Amino acid sequence: MLTPKETLSVDFLKTFFLQKICGTNYPVSIGFIVVNEFCERFSYYGMKAVLTLYFINYLQWNNNLSTAVYHAFSSLCYFTPLLGALIADSWLGKFRTIIYLSVVYVIGHVVKSVGAIPDVGDNTLHITLSMLGLGLIAFGTGGIKPCVAAFGGDQFEEEHTEERTKFFSIFYMSINAGSVLSTIITPILRSDVQCFGGDCYALAFGVPAALMLVALVVFIAGSGMYKKNPREGNVLVNVCRCIGFAIHNRWWSPRNSPRREHWLDWAQEKYPKQLIQEIKMVLRVLALYIPLPMFWALFDQQGSRWTLQATRMNMDFVSPLTFFGSMLNALMILLFIPVFDMGVYPLVSLCRVKLTPLRKMTAGMVLAALAFAAATVCPPFIFLTQKTVVQPPQAQECLMQVLNLADGDVSVRIPGHSIFAEPIKSYEVLQMALNAIISYLFIYFNRFFCDLNLTEHTIPRAPLKSGRQARVHCQPLAVVQDPDNLALKKMEDVQANDVHIAWQIPQYVLLTAGEVMFSITGLEFSYSQAPVSMKSVLQAGWLMTVAFGNVIVLIVAEGAGLEQWMEFLLFAALLIAVSGIFSIMAYFYTYVDPGRLGNEDAGNVDVLKKEKESICKSDTPKSTRI
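If you check an unreviewed UniProt entry, the chain appears there as Solute carrier family 15 member 2 from Electrophorus electricus. As its UniProt record puts it under Sequence similarities (unreviewed entry), the chain is described as follows: "Belongs to the major facilitator superfamily. Proton-dependent oligopeptide transporter (POT/PTR) (TC 2.A.17) family." Annotation of the chain in UniProt includes, under Subcellular location (unreviewed entry), the sentence "Membrane".

As structure tokens, this is what we get:
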């Protein structure tokens, strides 16, 4: 039993640790959570900003393989939240799960950075360390995803729903602030800082590792101020067992058994009614999630297909060049959140249109589809206006590139071929595909005429590997005849990119607007519609829609074999069709009042339908993109 002095000390500590910010209903503890999220998102997006180019330029992978691995990694990051939710709800609780998996996260960043050091082993070791590091990062970031947002929501009292809603907006702003800074800083570290004789990927990955360590330290620093709800037990296992028992009991029940209102009611013989009602609520939300991966299939292509599209465009005012899109998206998010909250949504409400959360999400899906429709304009325009890259030769062909270094025209004649019918002008470059065993052949001329025998000049005689070159010339090169009269000659073998990157702005505007309406609404919808004991599980279910979206990209990118613009158009058409299906499902969904989740009839559909209009408010909460 505590003495009066000890009781006073406990009360003082409780008041100190649960104090509010400036007399408001916002706990001081959310400050540590917001800063932690800012640093963690800086770490994640900073690493991801240079990941595609790291695969292409450092590991020497082609575009398709780089895109596939990029989306496989993104997909893994959103499959692991289910494991994190299981650990948090059944074993460690949210607080300790965040700490332990953050340590794994930091280790993954360190391993990834070491794998980007050229002096550490050969290319095989670099690939091994990179894949190991990405695996640890995926487990760390995915494991804490369903816990951090839910842990932040747990800091508020049940009656402070408005403050909790605004917290999610602040939480979302911190995510995008970290994203903006990281997509500016890490590409600069990669390209402008030289280390080990080239682009400094080790530093570009090392700085995110340091920020993740800061995130861990900040989160631990606020440990004494957090409201830590006890773990709910093995929730996911109980849910699965209850569902299994209901199916088994329904299947083996006598035919003359009385009908039950819901198939889950067949579990009443073994499981409490409250658990059954909570599972009903969760299953209704999870059913709504089925069409959602299609949105993420389009959204996450910002870091792969849209980045590769940008590399073929004129990016004069962008630095670092290929990260214009990521930075633009994050900046527009910071702008669009207040614009939509204080402008768009109130104006729509004045038109007597009730914007429920699911209607917002449907509108966001349509906007994302329009973004990809806009993206189809760029690829044909790029390829029709100029050839911006040297296309690799097909199988059993070589690419012959002729550079005329002579002062006059050069005629090229190859026995058995007539590919160069016209003379080549002085200091002009021509390239042709030719059936031969040479993979890539440069021919230099400094005489006005040359007969070239491919058999004689096939060096080496075995077919060259991809990316290798064979160089031959007819006479010894003597470009500089008079050292006192040097002349600088410019030769252009690949035309400059003339399609300006500003053509991508409309597609980013549409996609960002779609993100504000879809993603910002979705996670808070998941939090508010979930029972207290299953919030992490339902958050994990929401995040898994992102994982399946990346799986869709993998299937289409690897299996469809379409031109880029046709692929974009296919994605846009699919999302329009899916948004129609989702809107029909949303029409029949019955919202749950978060204040009644603990009531006995909270999961009763008939009771809730009577209150549907009072619960579906137009001023619905927002949430965050993870």
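Structural notes on the overall build of the chain
Scanning the chain for helices and strands turns up 20 helices and eight strands. The burial tally for the chain puts 51% of its 626 residues in the buried class. Element-wise, carbon and sulfur atoms account for 63% of the exposed surface of the chain, whose accessible area totals about 29,100 Å².

Description of the packing of helix H4 (residues 63-79) against helix H5 (residues 81-115)
Their axes nearest at 5 Å, the elements H4 and H5 cross at an angle of 20°. What the angle tells us is that H4 and H5 run roughly parallel. Mapping the contact onto sequence places Cys-77, Tyr-78 and Phe-79 in H4 and Pro-81, Leu-82 and Leu-83 in H5. Its residues assigned to classes, the contact of H4 with H5 comprises six nonpolar, no polar and no charged.

Digging into the nonpolar core
Membership of the largest hydrophobic core comes to 125 residues, with the highest contact counts inside it found for Leu-51, Tyr-54, Phe-55, Phe-73, Leu-358 and Trp-542. Take this core: its biggest share by element is ten residues, from helix H16 (residues 505-528).

Observations regarding the pattern of salt bridges
This model, assessed by the stated rule, comprises five salt bridges. A salt bridge links Asp-154 to Lys-94; its shortest N-O distance comes to 3.1 Å. Taken together, the positions of Asp-154 in helix H6 (residues 123-154) and Lys-94 in helix H5 put the pair 60 residues apart, joining distant regions of the chain. Lys-94 matches Asp-154 in its accessibility class, with the two residues each being buried. Linking Glu-269 and Arg-260 is a salt bridge whose minimum nitrogen-to-oxygen distance equals 2.5 Å. Under the relative-accessibility criterion, Arg-260 is labelled partly exposed at 27%.

Observations regarding the state of the cysteines
By definition, a disulfide links the sulfur atoms of two cysteine residues through a covalent bond. Tallied over the entire structure, the rule returns one disulfide. Here Cys-195 connects covalently by a disulfide to Cys-200, the sulfurs 2.0 Å from one another. Around the S-S axis, the bridge from Cys-195 to Cys-200 shows a dihedral of about 110° and counts as right-handed. Here Cys-195 falls in the buried class, since its relative accessible area comes to 16%. Overall, the relative accessible area of 5% leaves Cys-200 in the buried class.

Some thoughts on H16
Helix length check: H16, at 24 residues, gives a terminal C-alpha distance of 34 Å against a target of 34 Å (1.5 Å per residue), a fit within 8%. Remark: the principal bend of H16, roughly 30°, maps to Glu-515. H16 sits mainly inside the fold: 20 of its 24 residues count as buried.

So, the packing of aromatic side chains
All told, the structure shown has 36 aromatic pairs when counted by the stated rule. When the ring of Trp-296 is compared with that of Trp-542, the centres are 6.1 Å apart and the planes differ by 85°; the resulting orientation is edge-to-face. Here Trp-296 is found in helix H11 (residues 293-299), whereas its partner Trp-542 is found in helix H17 (residues 535-559), with 246 residues between them in sequence. By relative accessible area, which is 4% here, Trp-296 ends up buried. Grouping aromatic residues by their ring pairs yields a cluster made of Tyr-54, Phe-55, Tyr-58, Trp-61, Tyr-201 and Phe-205. We note Lys-228 situated over the ring of Phe-95; from NZ or CZ to the ring centre the distance is 4.1 Å. Taking NZ or CZ as reference, Lys-360 lies 3.9 Å from the ring centre of Tyr-345, over its face.

Digging into the confidence of the model for the chain
Summing up the model confidence of the chain, the mean pLDDT is 75 and the portion of residues at 70 or higher is 69%. Here residues 4-17 is modelled with pLDDT under 50, and outside its nearest four sequence neighbours on either side it reaches six contacts, counting other chains as well. For the stretch residues 433-483, pLDDT sits under 50, and the model shows 112 contacts to residues farther than four places along the chain or on other chains.

Calculation criteria
- Residues numbered from 1 in each chain as written.
- Predicted model: local features only at pLDDT ≥ 70, side-chain atom pairs only at ≥ 80, totals over all residues.
- Heavy atoms only, no water.
- UniProt positions renumbered as here; feature names shortened; annotations may be inferred.
- Helix = DSSP H or I, 4+ residues; strand = E, 2+ residues; numbered from the N terminus.
- Buried < 20%, exposed > 50% of the residue type's maximum accessible area, 1.4 Å probe, protein only.
- Areas by Shrake-Rupley, 256 points an atom, 1.4 Å probe, with all protein chains shown as cover.
- Axes fitted to C-alpha atoms, helices over the stretch in contact; angles between N-to-C directions.
- Parallel < 35°, antiparallel > 145°, perpendicular 65-115°, else oblique.
- Contact = heavy atoms within 4.5 Å.
- Nonpolar A, V, L, I, M, F, W, Y, C, P; charged D, E, K, R; others polar.
- Core = buried A, V, L, I, M, F, W, Y, C linked by side-chain atoms within 4.5 Å.
- Salt bridge = Lys/Arg side-chain N within 4 Å of Asp/Glu carboxyl O.
- Disulfide = S-S within 2.5 Å.
- Expected span 1.5 Å × (residues − 1).
- Bend = angle between axes of the 7 residues up to and from the residue.
- Phe/Tyr/Trp six-rings, centres within 6.5 Å; stacked < 30°, edge-to-face > 60°.
- Lys NZ or Arg CZ within 6 Å of the ring centre and 35° of its normal.
- pLDDT = per-residue confidence, 0-100.

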